Amino acid sequence: MIEITDLHKSYVMGTNTLHVLKGIDFTVNEGELVAIMGSSGSGKSTLLNILGMLDEADQGTYTLDGTLIHNLNEKIAARYRNKFLGFVFQSFNLISYKNALENVAMPLYYQGVKRNERNEKAMHYLEKVGLAEWATHLPNELSGGQKQRVAIARALASEPKVLLADEPTGALDSTTSYEVMEIIQSINDEGKTILIVTHEDDIAHMCKRIVNLKDGIIIDDSIISQVRVKATSHV
Amino acid sequence: MFNRDRWSEILEALSSNWFRTVLTAFGVLWGIFILVILLAAGKGLENGVKADFGDIATNTMFMWTQTISKPYKGLPKGRRFTYRLGDVQAIKDNVPELRFISPRNQLGGFGGSNNVVRGLNTGAFNVYGDYPEIIEQQPMDITSGRFINYGDIEEKRKVAIIGEGVKTALYGSNEDVLGTYIKINGVNFIVVGTYKKKSQGGDSEEDQKEIYVPFTSFSQAFNRGDRVGWMAITANDGSSITELKENIFDVVKQRHTIHPDDDRAIGNFDLYEQYSRIEGLFFALKLIAYFVGTLVLLSGVIGISNIMLIVVKERTKEIGIRRALGATPWAIRGQVLLESIVLTIISGMLGISLGALVIYAINKVLDANGPVDMFSNPSVDISVVISALIILIISGLLAGFIPAQNAIKIKPVDALRTE
Ligand SMILES: Nc1ncnc2c1ncn2[C@@H]1O[C@H](COP(=O)(O)OP(=O)(O)OP(=O)(O)O)[C@@H](O)[C@H]1O
Ligand SMILES: [Mg+2]
């Protein structure tokens, strides 16, 4: 599903050049649930942003679902993001003046899906994360965990091939973190490929594979036995 | 392009800060308001001044004689000459593009002594000997009876058509006018008609104090022989009198042995030239109105552009999110452009409406207080509204262009990182 070879990325700030990714080789197959770990500043977000086509690598190749991602113009990048990728951010990034349903429907709007169909689909995904009753609420009327579940529903709405989550539980307490992870596990059970950046060991162990980054290279990449979140009731 | 989602997005964006939106809109509103008012004021002035021409055939000139200023063929300069009826025929024969050539004679004039008597009443009036065509060249309403006709001309009937002003001066308020006699310089004329001139000019009072009698009877009664005082000459619609008048002068100069280059011998007043000059003036006035209005509008547009820049900046993160969700650059750009166009057009339409309202009010006041000299019926026509609209759409596009470009200049990853 994802294949990158010899990926490099540097940030230039004035006269300083910060070499963040120093040759990453890495393959993710369909249906995997991968945790990316590493200390702060090790380049996890940078890597994820490149995978998400939000940023570009300086060097190396990136193939997503058989398509070589290279020198894309913004229009095509936007289409690929819309078609292939779903994003979940640490700070939720919901649009504050749109209600939960409208937020979930946004990727479908950019796909050109008709209003009725769009709302139907968005509702379906809200149900999936257990927030059907909250459809008409604005983000600031939701708890952190609820916001993140709306964000996950939004990421799923366009039926992407890969879900990219940058510290999705970073702003949540452990109970709500587990709720979010439970949803992620269930989506993964349905076959979705998911990459999660996390600092937390317990979250990482709820995945199926852990990739460890240090100073811009992968120092460890191992399959683990997944810890299932025990079924807790949704809020 | 204009589906419901777009509209709700635009509405959301504009209503998120009402106060700012209204302030911004005011700049454009004001600009277009000024433009509309200036154009309307120009139109009012134009209407007012053109009304002074009344229905006068504007393709007309008046021609009289002056002192000859160049010696020619042994004749000295300083001579005077007089038009003759033969000149009229010669001009008719040589300049076929002319519609009317009316020879005229005149008695009295500004500040003249009393020349008209009826019973105990006397008055000083302009008395013209005219052909029937003059009514086409200087239109007047016949309020009773009739105007001069060719029967009068041929039979040299001593008939007179008097102005409403003459009537007031010589007659009591409920006296019959038609069929009565008036004495002009001692000669009796029978009144067969009264007129009122439409002209709204400042000398409108004077215009109603004239008396028209047949040219032939005038010449006979006042011993003018075949002499002609002056002429009113109107060209056909296709030609302009300004271009034809040299031909006319040439005919006259040849018949009166005047040097071809003598520009002073013949005096003329060319209505067409005056009219064109006034047309030109109003064209210039309109240009100025557009210029000033557009400049004021421009400052409004810059205001919109400025606000859109701020809005885009404020929404950097949101734009980043939208792009992560798959918004193409054109979706973002289009949103910003549309927002600025909608804002511009709505405030512009409000400005036009406000302008129309003010013009309507001014017209009401003008109507109520009677005509004002040199100003009447200020108005903007639909073509002005349409051009204002086009200007607005273009302005909106221009105002949104830089902000729209700014909205997608930043990389999605950087946009997402902003707080
Ligand atoms: N736009 C940027 N310009 C300059 N330097 C940057 C930029 N983005 C990231 N960096 C630097 O690159 C390095 C890697 O950043 P990155 O965000 O990938 O780290 P991370 O592993 O996600 O860290 P964290 O766990 O704290 O989120 C850091 O030292 C950071 O300061
Ligand atoms: Mg990070």
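Residues numbered from 1 in each chain as written. Chains lettered and ligands numbered in written order. Predicted model: local features only at pLDDT ≥ 70, side-chain atom pairs only at ≥ 80, totals over all residues. Heavy atoms only, no water.

> Describe in detail the overall build of chain B, supporting the description with residues and values.
Broken down by element type, chain B carries 14 helices and 14 strands. Taking 22 Å as the expected radius of gyration for a compact globule of 419 residues, we find that chain B reaches 34 Å, considerably beyond that expectation. If one aligns the C-alpha atoms of chain B with their principal axes, the spans along those axes are about 105 × 60 × 35 Å. Expressed as a percentage of its 419 residues, the buried residues of chain B come to 47%. Taking all contacts inside chain B whose residues are at least 6 apart in sequence as the whole, residues at least 24 apart take part in 78%. In chain B, 43 positive and 43 negative side-chain charges are present, and the distance between their average locations comes to 4 Å. (Helix = DSSP H or I, 4+ residues; strand = E, 2+ residues; numbered from the N terminus. Rg over C-alpha atoms; globule rule 2.2 N^0.38 Å. Buried < 20%, exposed > 50% of the residue type's maximum accessible area, 1.4 Å probe, protein only. Contact = heavy atoms within 4.5 Å. Lys, Arg positive; Asp, Glu negative; His and termini not counted. Charge placed at Lys NZ, Arg CZ, Asp CG, Glu CD.)

> Account for the environment of N119(A), with residues named and values stated.
Within the fold, N119(A) resides in helix α4 (residues 115-128). Not counting residues within four places of it along the chain, the set of residues in contact with N119(A) comprises L101(A) and A105(A).

> Tell me about the domain arrangement of chain B, and name the residues and values.
As assigned here, chain B comprises domain 1 (4-54 + 276-417) and domain 2 (60-271). Averaged C-alpha coordinates put domain 1 of chain B and domain 2 of chain B at centres separated by 55 Å. (Domains from an automatic or database assignment.)

> Outline the sheet that holds strand β7 (residues 162-166) of chain A, supporting the account with residue identities and numerical values.
Residue and element names in this part refer to chain A. Read from one edge to the other, the open sheet built from 6 strands follows the order β6-β7-β8-β3-β9-β10, with strand pairing classed as mixed. Each of the sheet's edge strands pairs with one partner strand only, and the pair in question is β6 (85-88) and β10 (217-223). Going from strand to strand, the sheet's axes swing by 15 degrees on average, the running direction of each strand aside. Of the pairings in the sheet, the one linking strand β9 (residues 209-214) to β10 comprises 6 bridges and is antiparallel in character. Paired with N212 across the two strands is D220, which belongs to β10. Relative to the sheet, helix α5 (residues 144-157) contacts β6 and β7, its axis offset from that of β6 by approximately 170 degrees. The sheet contacts of helix α6 (residues 174-189) involve β3 (33-38) and β8 (193-197), and relative to β8 the element is tilted by about 150 degrees. (Pairing = 2+ DSSP bridges. Axes fitted to C-alpha atoms, helices over the stretch in contact; angles between N-to-C directions.)

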